[in-house]
Amino acid sequence: MTQSFQLCNYRNGLYHGNLKDNKRNGKGILITDDGEIIVGLCKNDKLHGIAIVIMSPNEYSVGEWNRG
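Asks: Would you take a moment to explain the overall build of the chain for this structure?
Replies: Along the backbone of the chain there are zero helices and six strands. Ordered by position from the N terminus, the helices and strands of the chain form the series β-β-β-β-β-β. Taken over C-alpha atoms, the radius of gyration comes to 12 Å for the chain, in line with the 11 Å a tight globule of 68 residues would show. Seen through its principal axes, the chain has C-alpha atoms that stretch 40 × 25 × 15 Å. A burial count over the chain gives 31% of its 68 residues as buried. Surface exposure of the chain reaches about 4900 Å², of which carbon and sulfur atoms provide 49%. Looking at the chain, you have 8 positive and 7 negative side-chain charges, and the mean spots of the two groups are 12 Å apart.

Structure, rendered in structure tokens:
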């Protein structure tokens, strides 16, 4: 099954990326209602793999997540 990038309102923000069965799955960007920007990989709707989380212009975290 081929996945395509989609833009959608998500439960806590705006998401642009791969969806599978209405869950984040693959590469994507989430801009949360709180203003955080999350760029990375997801599996079964959870961060899974390399990602960067930008909390503010001067605060960010880069790491590898394992099922959230």
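Still more to cover.
Asks: Would you explain the side chain of D45 in this entry?
Replies: Checked against the element boundaries, D45 lands in the loop between strand 4 (37-43) and strand 5 (46-56). Sequence-distant contacts of D45, that is, excluding residues within four places in its chain, are made with Y10, R11, K23 and R24.

Asks: Any chance you could explain the confidence of the model for the chain here in plain terms?
Replies: Predicted coordinates in regions of low pLDDT should not be interpreted in detail. For the chain, per-residue confidence averages 90 on the pLDDT scale, and 96% of positions sit at 70 or higher. Per-residue pLDDT, averaged within each element of the chain, yields its smallest value for strand 1 (residues 5-10) (86) and its largest for strand 4 (95).

Conventions we followed
Residues numbered from 1 in each chain as written. Predicted model: local features only at pLDDT ≥ 70, side-chain atom pairs only at ≥ 80, totals over all residues. Heavy atoms only, no water. Helix = DSSP H or I, 4+ residues; strand = E, 2+ residues; numbered from the N terminus. Rg over C-alpha atoms; globule rule 2.2 N^0.38 Å. Buried < 20%, exposed > 50% of the residue type's maximum accessible area, 1.4 Å probe, protein only. Areas by Shrake-Rupley, 256 points an atom, 1.4 Å probe, with all protein chains shown as cover. Lys, Arg positive; Asp, Glu negative; His and termini not counted. Charge placed at Lys NZ, Arg CZ, Asp CG, Glu CD. Contact = heavy atoms within 4.5 Å. pLDDT = per-residue confidence, 0-100.

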